[in-house]
Amino acid sequence: MRLVSPATVLKQIAAAVPEDCRENIIIIGSLAAGYHFFGDNASLMVRTKDADCLLSPRIEAISAGVAVTERLFQRNWQFRPDAKWSTPGNESTPDDQLPAVRLNPPGVPEWFIELLTVPESPSDMNKRWVRLATSAGHFGLCSFGFLSLTNYQPISTPFGIAIARPELMALANLLEHPEIRPETMSGLIATREIKRSNKDLGRVLAIARLSVSRSEDALLDWPAIWQEAMQVRFPDNWRSFMGRTGAGLRQLLNRPNDLDEARHTCEHGLLASAPPTSEQLRLVGLRLLQDAIEPLERSGR
Amino acid sequence: MKNAKFVGERKFAGVDAEIGNRLIAMKPRVAALRSVRVALMQLAYALAERPASAGFLVLPDVSVTPERLRDEWRLASSVLRSDVLNRLSICTGEAEHLVGIPQDPDAETQRAISDLIAAAGPRASLSLARPEYPFTVMELLVHQWLLGKGPMTTKWLMETAGCSYPTVATVLRRFEHCLVRHSDRRVQLRAFPKEEWARLVAVSEKARGTVRFADRSGQPRSPDSLLLRLQHQDRKDIAVGGVVGARHYHPRLDIIGSPRLDISLHCPGKTADMSFIEKLDPALARTEKRDEPASVIVHLVRRADPLFQTGEAGLAWADPVECLFDLHEARLEPQAREFLNSFPTMKDQM
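Residues numbered from 1 in each chain as written. Chains lettered and ligands numbered in written order. Predicted model: local features only at pLDDT ≥ 70, side-chain atom pairs only at ≥ 80, totals over all residues.

Once that is clear, we can look at unusual backbone geometry. Looking along the chain, the bond that leaves A:Ser56 and enters A:Pro57 is cis, with omega of 0°. You can see A:Pro57 is positioned in the loop between strand S4 (50–55) and helix H3 (58–74). In this structure, B:Pro102 follows B:Ile101 across a cis peptide bond, with omega equal to 10°. Relative to the helices and strands, B:Pro102 is located in the loop between strand S5 (97–101) and helix H4 (107–119). Phi is positive for A:Ala190, close to 45°, though the residue is something other than glycine. Among the structural elements, A:Ala190 can be located in the loop between helix H4 (166–176) and helix H5 (196–214). The exposure class assigned to A:Ala190 is exposed, which follows from the 12 C-beta atoms found within 10 Å. Even without being glycine, B:Asp234 reaches a positive phi, approximately 55°. Here B:Asp234 shows up in the loop between helix H9 (223–231) and strand S10 (238–240). (Helix = DSSP H or I, 4+ residues; strand = E, 2+ residues; numbered from the N terminus. Buried ≥ 20, exposed ≤ 12 C-beta atoms within 10 Å, placed from the backbone.)

Structure representation (structure tokens):
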């Protein structure tokens, strides 16, 4: 993972995609969080390898995905091969085996753009692939789990594309990990193998810590927007989701080895400029539970 | 050194943390030797299975005397195998300075144990020594005088302080030179007792059992943020003092902001319920270091009637004399003087 300037990357993406597709793009993940918290400080960089672009609304995702992919190839963005895919798929490739749209900017191997979309319906929590047939080949547009929370009331940027609200990215990660699962990230994070749950829940803690740095009582405002977003996105089962919001985080805080993995990802990610100790990260988690998660869980009962 | 942390799932019964090759058992507020004995044996069992590890039984706030602990150690020494015994020790004292039996922990272990004690968070309950009634009675006399309440009966002093007639009578005799006794046997201060007040200020921290809490998150909460959370606790035994309290009584007090929140906790019994601290902020940990900036200072109000003033939005105010002590303890001497002189009864007194 390389250090990149969030504002520079956002500007570069916005400039490269078709103008009429910009409103369909919401940047999510560490780049969005980095832009939100220190986008105005050119000296602060984010360590990331991918710029996750969520295409929404779902009904426009395929057409926008095709248009964006076509335009990026026209502008010499490069398909990023990996161990499984050396080239894009074709019409005979099954939907669930298509490569994602992962493209490096011309001459910039440090980071790549990846296209995603929101699930088709509130009840569809599984990972799904929908085909993007472009002149450069066939790709899969992935949707899963709680991604639909991240396109709720996104924050616009001067570049014409939006970023997801950090507190809703945190909520999506909390709900995605009601327990610490054993699956690890496909690559190493600064020489260490890290469980995906620890990386994503570590992101939650990083967002909480950065939010508190900006406004010490920020976490007190989270339950209201969390509840609102869940009610809108999951009208049938928001209440049951509320009840499990803190389960994975509680597990993380009680497992020193997992917490240390989370700390490691923060140290090599969003909190690189002021890395916390494991104990400080644990205290961020306790504050988050007290200020945001427990009030939400109570109101869901 | 690896970070100190509590083990999530215990590999050994009675072992709370494993840091490098150190097994640490933590038993706060132990009052019975039997508990020490059981904990020592459990740690010894764990050490027998870990030949390369050292074991530390940490006893924060232990009530058992050092002599009795050393006696217990001698008994354990007589039955434990030397290869286990040589790797075992008991640690007592404050987090910043642990004393070991048979030897003090090395600096690295000392740091690791201090971190563990801090990670355990503020303890929910504190055992308290007997109240300092001479301090309490004199404080009440000053309180009534400052607020212009006039003379008071011995009965009122007994009931408000929560002590017996002989105790009040003894204190009043001691401060006879400061008192006016009325024909109906009521008493009051003759004037503001400058010298006695200076003595009270000098001992107030000890007499009031001040407990300090510091932030461990690296993101300390401001007094305003802490106040916001205090409002939601709905505790009748808590009141706000310090700069915030003094400004409630004297809004023109010449001070902007405050780096700490002073809280008065009413605890007339033998324990102080500190559970509100964790709700106030889980990042607060008790500190004994005077040079460490404290975010929250708790002053124990031991008398029967706390004399708290009911406030708005779920907050009560500590009485003005408590606030005055708080300003002195915070070394805000000009503000303390200004606050003291703001009481009408202080006109021409200093």
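Residue and element names in this part refer to chain A. The domain architecture assigned to chain A consists of domain 1 (2–149) and domain 2 (166–300). Here domain 1 and domain 2 have C-alpha centroids that lie 23 Å from each other. Counting residues at the interface gives 16 residues for domain 1, matched by 21 residues for domain 2. Mapped onto the side of domain 1 that touches domain 2, the elements with two or more residues apiece are helix H2 (30–38) and strand S3 (46–48). It is H2 that contributes the most residues to the side of domain 1 that touches domain 2, six residues altogether. The residue makeup of the side of domain 1 that touches domain 2, split by class, is ten nonpolar, five polar and one charged. (Domains from an automatic or database assignment. Contact = placed C-beta atoms within 7 Å. Nonpolar A, V, L, I, M, F, W, Y, C, P; charged D, E, K, R; others polar.)

The interface is formed by 16 residues belonging to chain B together with 17 residues belonging to chain A. Of all elements in the fold, only H4 and H9 of chain B reach the threshold of two or more residues within the side of chain B that touches chain A. Classifying every residue of the side of chain B that touches chain A by side-chain character gives five nonpolar, seven polar and four charged.

Turning to the environment of B:Val84, a few remarks are in order. Residue and element names in this part refer to chain B. Mapped onto the secondary structure, valine 84 falls in helix H3 (residues 82–85). Spatially, the C-alpha atom of valine 84 lies 8.7 Å from that of tyrosine 45, the residues being 39 residues apart in sequence. Excluding its chain neighbours within four sequence positions, the residues that come into contact with valine 84 are Ala44, Leu47 and Ala48.

Attention now goes to helix H1 (residues 6–16) of chain A. Because each turn of an α-helix spans 3.6 residues, side chains separated by three or four positions end up pointing in the same direction. Among all positions of H1(A), only A:Pro6, A:Ala7, A:Val9, A:Leu10 and A:Ile13 are buried. Taken end-on, H1(A) shows its buried residues confined to a sector of 165°, consistent with a single buried face. (Arc of directions from axis to C-beta.)

When the parts of a complex come together, some accessible area is lost, and that lost area is often taken as the interface size. On domain assignment, one finds that chain B holds domain 1 (17–120) and domain 2 (122–350). Between domain 1 of chain B and domain 2 of chain B, the C-alpha centre-to-centre distance is 38 Å.

With that out of the way, let us pick up the nonpolar core. Formed by 143 residues in total, the largest nonpolar core has its most connected members in A:Ile27, A:Cys53 and B:Val296. It is helix H5 (residues 133–146) of chain B that contributes the most residues to this core, nine residues altogether. Counting 28 residues, the second largest nonpolar core, distinct from the first, contains B:Ile24, B:Leu57, B:Val62 and B:Cys91. (Core = buried A, V, L, I, M, F, W, Y, C linked by C-beta atoms within 7 Å.)

Another point: the packing of helix H1 (residues 33–49) of chain B against helix H2 (residues 66–79) of chain B. Between two packed helices, the angle of one axis relative to the other and the distance separating the axes together describe the packing. All names here are of chain B. Where H1 meets H2, the closest approach of the two axes is 11 Å, and the angle between their N-to-C directions is 40°. Taken together, the axes of H1 and H2 lie oblique to each other. Judged by the sense of rotation from one axis to the other, the crossing of H1 with H2 is right-handed. From H1, Leu33, Val36, Arg37 and Leu40 reach across to H2, where they touch Arg68, Leu69, Glu72 and Ala76. Each residue belonging to the contact of H1 with H2 can be placed in one class, and the counts come to five nonpolar, no polar and three charged. (Axes fitted to C-alpha atoms, helices over the stretch in contact; angles between N-to-C directions. Parallel < 35°, antiparallel > 145°, perpendicular 65-115°, else oblique. Left-handed = near helix turned anticlockwise from the far one by under 90°.)

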